Amino acid sequence: MGGVMFLVTQYRQLVEGLSPFAARLWMGPPALMMFLASLTAPLLARRVRPGVIVAVTLVLSTAGYLLLSVVDRGDIGLVVSPTCCARRRTHPPRA
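Residues numbered from 1 in each chain as written. Predicted model: local features only at pLDDT ≥ 70, side-chain atom pairs only at ≥ 80, totals over all residues. Heavy atoms only, no water.

### What to know about the overall build of the protein
Each helix and strand counted, the protein has six helices and zero strands in total. Walking the protein from its N terminus toward its C terminus, one meets helices and strands in the order α-α-α-α-α-α. Here the protein, with 95 residues, has 19% of them falling under the buried criterion. The long-range fraction of contacts in the protein, counting pairs at least 24 apart against all pairs at least 6 apart in sequence, stands at 54%. As displayed, the protein offers around 6,900 Å² of accessible surface, 72% of which is attributable to carbon and sulfur atoms. (Helix = DSSP H or I, 4+ residues; strand = E, 2+ residues; numbered from the N terminus. Buried < 20%, exposed > 50% of the residue type's maximum accessible area, 1.4 Å probe, protein only. Contact = heavy atoms within 4.5 Å. Areas by Shrake-Rupley, 256 points an atom, 1.4 Å probe, with all protein chains shown as cover.)

### As for helix α3 (residues 28–45)
The terminal C-alpha atoms of α3, which comprises 18 residues, lie 26 Å apart, in line with the 26 Å expected from a rise of 1.5 Å per residue. Maximal helix bending in α3 amounts to about 25°, located at Leu 39; proline Pro 42 follows within four positions. (Expected span 1.5 Å × (residues − 1). Bend = angle between axes of the 7 residues up to and from the residue.)

### Describing the environment of Trp 26
With respect to the helices, strands and loops of the structure, Trp 26 is situated in helix α2 (residues 20–26). Residue classification places Trp 26 among the buried residues on the basis of a relative accessible area of 18%. Separated by 17 residues in sequence, Trp 26 and Thr 9 place their C-alpha atoms 8.3 Å apart.

### Here's the deal with the confidence of the model for the protein
Looking at the protein, pLDDT values average 75 and 71% of them are 70 or higher. Here helix α6 (residues 83–90) stands out as the element of the protein with the lowest mean pLDDT, 47, in contrast to α2, whose mean of 85 is the highest. Note that pLDDT drops below 50 for residues 82–88; the model gives that stretch 16 contacts with residues more than four away or on any other chain. (pLDDT = per-residue confidence, 0-100.)

Here it is as structure tokens:
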């Protein structure tokens, strides 16, 4: 996951033209979700078999990567983090 976050940050800087600070801010929501998932996974593992948890997370991760691979350049903000949707409405894409 860290590799994907690195590549998305690079995409935001090199393709979308964001500053390094702004690109880092846009990666805040996914990082927060990873933090929350790491806190809740052990609690969930007490109630559900670990194999089930691993299988579900692999399926969700695969679905996320597939979604990232098929989105159009203009829609990647909707996939990477929901906060990008607000950015798209207030700041049109650069030409």
